[in-house]
Amino acid sequence: ETPAEQIETTEIPVKKQVVNDNDSRTTQIQIVDENKQFTTILSDSMKNVWKLDENGFNFHILSIFGSQSTGKSTLLNKLFNTKFQVMNEESRQQTTKGIWISQAENSNLLILDVEGTDGRERGEEQDFERKSALFTLAISEVLVINIWENMVGLYQGANMGLLKTVFEVNMQLFLQQQGKIKTLLLFVIRDFTGRTPMSNLSDVLTNELNKMWKDISKPEEYSESTLSDYFDLMFTSLPHKIFLPDQFEKEVLELKERFYNPEDSNYVFKPNYHRGIPADGFSNYAESIWDKVAYNHDLDIPTQQQLLAEYRCDEIAKAIVSEFQNDIAKYKEMLENGEILEDMGKIFNEVREKALELYDSSAGRYRKEVYARKRIDFLEKMNTYLHVYYLLQLRNLEKKAYSNFKNNITEAVKDDSLFFVDTLENHKSKCIEDFKKLAEESKLQETTWNYTDHLNQLIKEIDEYGKITKDQQLNKIKKNVEKNTLNLLNGSIPIKMNNVREHLWDELGEDLSKALNNSINQYKSLIQGYDCTDSEVDSNVRSIRKSGWDMFINLIAEETTDNIILVRLREKFEEVFRYDKNGLPRIWNNNDDIDSFFKKAKEEALALISLFTFIDISEQKIRDITGLEDIKKQDLTIIDGDRSKKLLSKFLREIELQYIDAKRSVVRTTSK
Ligand code: GDP
Ligand code: MG
């Protein structure tokens, strides 16, 4: 071998974070490398390779300690079918330093193989050894101490120096947990010959350990503590692997029972050795422990567990909240589209219950105080998300209730004899009850949610709509009643204006009075269900009276246009002048006194015009009939002076023509 080749072969083969992937189930990773760097793939391995992430507390950690090249890795590989690097027999090539972790085959066991030194070397190595001890003790339930038989009793031996380190770091870690959390030290005496009985060897070791415990420096209040407050001891042996291979294999198989078989009386994983770290928090916990150790920061287990609990409870809650948000997202669009989510309360209580159960089952394994505190935040967060949905639901419920109410009212007012106020109240209370019922049902349990704002808004809208509808209805009734007035007046005024000559205005006054009274009575009976105030009634009645009076005036005006007046005058004139008493047209002859007929006809016609120049009812009477106090005398005028003059001159010209025609017809008959 050349020196160069020697260097070549002693070079440490570094394969960072690399997995040995022949068998993914037993894949090992270098949890801490030779540069004291913590692995980045522990969390992934826990979850995806070893599939222990959801095991809760149902997993165990075992580590092995001992001098270099004492067959530790060889033993682990035998016991657990792991693939830790073993020193090559021929080349005596050193194995890769650092701490390795692997899953024991077909199990929930994780095995740590510490590739250190024998502690005799430089300070750098001792530092690493101490750090490994701290780290390993913090997370392992069982420490296997691998020791050759011929080293037992050599107190100054390197192997015992390592134990001293373990005891010292234990003081740092578990001081306050005296008796609560223990660690099992399982001594495996290698190359055991049997020359000295096991019981002697174990006595020697026990004595040495107790002595060592006494000697390590302890805080004042723990000076009386004993080794057994913190450690249980167990001893076993294995024969020489090379010289007694069959025996070795057989005893390894027997030893296996202690790790795999909970029924075995020597089963090593007792509950009080468990570090209380749930599997899903393990990688985070291990890394934070190593961080403290690597940078020589103060490290104590209670603080670390507190920090882990804080971190993990947050993580767990976060993951569940995100799942929970996915679960409820489908309702969002629906609610935003204005739909109502039937069974919202039931659905949301269930979704939240499910999330809480998930949280409880994972986070419940961490410190109770942290778990409980974070649970309040977690619940609050979910409630806040759901409250947004609840508000949308309330908005939709309110809209629906209002629209139902409107439809019901629209339908109800089709009935004229409706008792409006009662109907309104009935629909209002039904609408409010419906809203309240659904708003109440949609609530999430154990919240302070309320729907007061939406309810108040709904009531306000209903009341406004009720008021508007009431006004519309009253208006409609008034309009109908006024139409009725018009019908009655229409049925009497034109006929009477044409035909009645004696007491015309008395009759018309009577008719107006009847029509108004009829309408007002009708109105009063129709609005009975509307709960109108006296002043509302008074003002509408006055409006009915006013419009009745206006109709009366208009109808009179229509019946007294210039043309109609002229026709009536002409008819009257002709009745006397052109027709005899049998209604036959006159044939004028010489004996007829045309002049006196003309005079009489003209006088009768002129008497008629005075009937139409004003409404011949006294002001007071008109006021009594209409109830309108502001009617004045001039309001009763139909034809004023100017119009009267023009009508007369037009009329006179017409009849003068008839007079001349009559005269001429006599001349013609005489001259024949
Ligand atoms: P480690 O450094 O403690 O992990 O030791 P290794 O497992 O790498 O083994 C170191 C050397 O010891 C190898 O050459 C093994 O073949 C050898 N070896 C393994 N088991 C035994 C044993 O039970 N007795 C003896 N004497 N040597 C062993
Ligand atoms: Mg090894």
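Here's what I pulled together on the structure shown here. Remember, it's a predicted structure, so these values are computed and weren't measured experimentally. (Residues numbered from 1 in each chain as written. Chains lettered and ligands numbered in written order. Predicted model: local features only at pLDDT ≥ 70, side-chain atom pairs only at ≥ 80, totals over all residues. Heavy atoms only, no water.)

**Observations regarding the coordination of the magnesium ion (ligand 2)**
For the magnesium ion (ligand 2), the protein coordination sphere consists of S73 (OG) and E115 (OE), at 1.7 to 1.9 Å. Residue S73 is found in helix α3 (residues 72-80), and its partner E115 is found in strand β4 (residues 109-115); the two are separated by 42 residues along the sequence. Taken as a pair, S73 and E115 share a single burial class, namely buried. (Donors = N, O, S within 2.8 Å, 3.2 Å for Na, K, Ca; no water. Helix = DSSP H or I, 4+ residues; strand = E, 2+ residues; numbered from the N terminus. Buried < 20%, exposed > 50% of the residue type's maximum accessible area, 1.4 Å probe, protein only.)

**Section: the packing of aromatic side chains**
Applying the stated criterion across every chain, the model contains 28 aromatic pairs. Aromatic pair F59 and F282: ring centres 5.9 Å apart, planes at 70°, arrangement edge-to-face. Taken together, the positions of F59 in the loop between α2 (42-49) and β2 (60-66) and F282 in helix α8 (residues 279-294) put the pair 223 residues apart, joining distant regions of the chain. Per residue, the accessibility class of F59 equals that of F282, and both read buried. (Phe/Tyr/Trp six-rings, centres within 6.5 Å; stacked < 30°, edge-to-face > 60°.)

**Looking at the pattern of salt bridges**
Under the defined criterion, the tally for this structure stands at 36 salt bridges. D360 is the partner of R375 in a salt bridge, and the nearest nitrogen-oxygen pair spans 2.9 Å. Residue R375 is located in helix α11 (residues 368-412), and its partner D360 is located in helix α10 (residues 344-363); the two are separated by 15 residues in the primary sequence. By relative accessible area, D360 is classed as partly exposed at 25%. A network of salt bridges, in which partner residues are shared, links E310, D314, E369, R373 and K374. (Salt bridge = Lys/Arg side-chain N within 4 Å of Asp/Glu carboxyl O.)

**Side note on α8**
Between its first and last C-alpha, α8 extends 23 Å over 16 residues, near the 22 Å set by a 1.5 Å rise per residue. Within the span of α8, buried status applies to A279, D280, G281, F282, S283, Y285, A286, I289, W290, V293 and A294. N296 lies just past α8 and shows a positive phi near 55°. (Expected span 1.5 Å × (residues − 1).)

**Points about the sheet that holds β2**
Pairing is mixed in the open sheet, where seven strands are placed in the order β1-β3-β4-β2-β5-β6-β7. The sheet is open, and its two edges are formed by β1 (28-32) and β7 (231-237), each paired on a single side. Strand-to-strand twist across the sheet, computed as the mean angle between neighbouring axes with direction ignored, equals 25°. Judged from the four bridges that link them, β1 and strand β3 (residues 98-103) form a sheet pairing that is antiparallel. Each bridged residue has a counterpart across the sheet, and for I29 the counterpart in β3 is I101. Of the strands in this sheet, β2, β4, β6 (183-190) and β7 are in contact with helix α7 (residues 245-260), which crosses β7 at around 155°. (Pairing = 2+ DSSP bridges. Axes fitted to C-alpha atoms, helices over the stretch in contact; angles between N-to-C directions. Contact = heavy atoms within 4.5 Å.)

**What to know about the packing of helix α9 (residues 301-336) against α11**
The geometry of α9 relative to α11 is characterised by a closest axis approach of 9 Å and an angle of 10° between their N-to-C directions. Between α9 and α11, the angle falls in the class roughly parallel. Split into classes, the residues belonging to the contact of α9 with α11 amount to 18 nonpolar, four polar and nine charged. (Parallel < 35°, antiparallel > 145°, perpendicular 65-115°, else oblique. Nonpolar A, V, L, I, M, F, W, Y, C, P; charged D, E, K, R; others polar.)

**Overview of a nonpolar patch on the surface**
Residues I242, F243 and L244 make up a contiguous nonpolar surface patch of about 350 Å² in total accessible area. With respect to the helices, strands and loops of the structure, F243 is situated in the loop between β7 and α7. (Patch = residues over 30% accessible without salt bridge, like charges linked within 9 Å, V, L, I, M, F, W, Y side chains within 5 Å. Areas by Shrake-Rupley, 256 points an atom, 1.4 Å probe, with all protein chains shown as cover.)

**Focus: the pairing of β4**
Two faces make up the sheet, and in a regular strand the side chains alternate between them. Across the seven residues of β4, seven count as buried, placing the element largely inside the fold. Every second residue of β4 is oriented toward a common face, with L109, I111, D113 and E115 on one face and L110, L112 and V114 on the other, all of them buried. In this structure, β2 lies alongside β4, joined through five bridges in parallel fashion. Within β4, the residue paired with L62 across the bridge is I111. The pairing of β3 with β4 spans six bridges and is classified as antiparallel.

Purely geometric stuff here, so don't read any function into it on its own.
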